[in-house]
Amino acid sequence: MRQAGCTLVLTALVLGLTSAPGFAERNLVPSLERSFDVCPDRPAEPVWMQEIPLRQAYQRVLVQDIYRAQNLERIVETGSCACEIRFPSWDAAEAVFREVHASDERWKMLEASDAYNRRANDVRLEAKAICEAAGNW
């Protein structure tokens with residue numbers, strides 16, 4: 001009896017999922033294209049970051065963390081959340097990575113990522129308030 005009940009529930013579940021009217025109609029195709037409501041003209045990540053081998057993804061993450069920390073700190077320093085301040089070119093973050101971290105071992109880059117995340121989180125709420133007032137959050 002228990003097995004028959006499980007089979008019945010499983011059959012109902014499968015039929016329910018595959019026969020739901022909206023199931024086949026929704027076009028839920030994932031896309032790598034990104035569109036933003038705020039500051040849609042953000043600069044793209046440098047190509048070398050996008051093409052970095054998976055085993056070295058921690059390098060890309062570190063540059064992203066540097067970029068985020070720099071940008072949030074800049075918002076607080078200037079009191080402005082203009083798009084060019086919130087999302088500048090990647091040049092400054094790349095420069096810090098190349099000058100300070102590029103020759104570091106993996107574990108040291110992971111520690112640096114953690115430190116940049118702490119820096120960003122320290123100013124995040126203040127930057128968020130500035131950006132919300134400007135309609136850019």
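This structure is a prediction, so every number in the text was calculated from the model and none was measured. (Residues numbered from 1 in each chain as written. Predicted model: local features only at pLDDT ≥ 70, side-chain atom pairs only at ≥ 80, totals over all residues. Heavy atoms only, no water.)

Caption draft 1: Geometry of helix α3 (residues 57-78). Helix length check: α3, at 22 residues, gives a terminal C-alpha distance of 32 Å against a target of 32 Å (1.5 Å per residue), a fit within 8%. Immediately beyond the C-terminal end of α3, within one or two residues, lies G79, with a positive phi of roughly 70 degrees. (Helix = DSSP H or I, 4+ residues; strand = E, 2+ residues; numbered from the N terminus. Expected span 1.5 Å × (residues − 1).)

Caption draft 2: How the structure looks around unusual backbone geometry. At C39, a residue that is not glycine, the phi angle is positive and equals roughly 50 degrees. Mapping C39 onto the fold places it in the loop between α1 (2-19) and α2 (47-50).

Caption draft 3: Region of the structure containing helix α6 (residues 106-134). Taken as a whole, α6 carries its principal kink of about 50 degrees at R124. Those residues of α6 that fall on the buried side of the exposure criterion are M109, A112, S113, Y116, A120, V123, A127, I130 and C131. If you follow the buried residues of α6, they end up packed against α3, α4 (83-86) and α5 (91-101). Immediately downstream of α6, the backbone of G135 shows phi near 75 degrees, a positive value. (Bend = angle between axes of the 7 residues up to and from the residue. Buried < 20%, exposed > 50% of the residue type's maximum accessible area, 1.4 Å probe, protein only. Contact = heavy atoms within 4.5 Å.)

Caption draft 4: Broad picture of the packing of aromatic side chains. A full pass over the atoms with the stated rule returns two aromatic pairs. Arranged with centres 5.7 Å apart and planes meeting at 25 degrees, the rings of W48 and F97 form a pair that is stacked. On the criterion of sequence distance, the pair formed by W48 in helix α2 and F97 in helix α5 is long-range, its members being 49 residues apart. Relative accessible area serves as the criterion here: at 25%, W48 is assigned to the partly exposed category. It is R42 that lies over the ring of F87; its NZ or CZ is 3.9 Å from the centre. Above the face of the Y58 ring, R106 is positioned so that its terminal group lies 5.5 Å from the ring centre. (Phe/Tyr/Trp six-rings, centres within 6.5 Å; stacked < 30°, edge-to-face > 60°. Lys NZ or Arg CZ within 6 Å of the ring centre and 35° of its normal.)

Caption draft 5: Seen up close, the nonpolar core. Of all hydrophobic cores here, the largest spans 25 residues; its most connected members are L62, V63, I66, L72, I75, F97 and Y116. For this core, the secondary structure elements donating two or more residues are α3, α5 and α6. Those residues in contact with I66 that lie beyond four places of it in its chain are A93, V96, F97, H101 and Y116. (Core = buried A, V, L, I, M, F, W, Y, C linked by side-chain atoms within 4.5 Å.)

Caption draft 6: Highlighting the state of the cysteines. Within the structure shown, the criterion is met by two disulfides. The disulfide that involves C39 links it to C83, with 2.1 Å between the sulfurs. The chirality of the disulfide connecting C39 with C83 is left-handed, given an S-S dihedral of about -85 degrees. Of the two residues, C39 is situated in the loop between α1 and α2 and C83 in helix α4; the sequence distance between them amounts to 44 residues. With relative accessibility at 5%, the residue C39 sits in the buried group. Judged by relative accessible area, C83 falls into the partly exposed class, the value being 31%. Between the sulfur atoms of C81 and its disulfide partner C131 the distance amounts to 1.9 Å. Disulfide C81 to C131: torsion about the S-S bond roughly 90 degrees, handedness right-handed. (Disulfide = S-S within 2.5 Å.)

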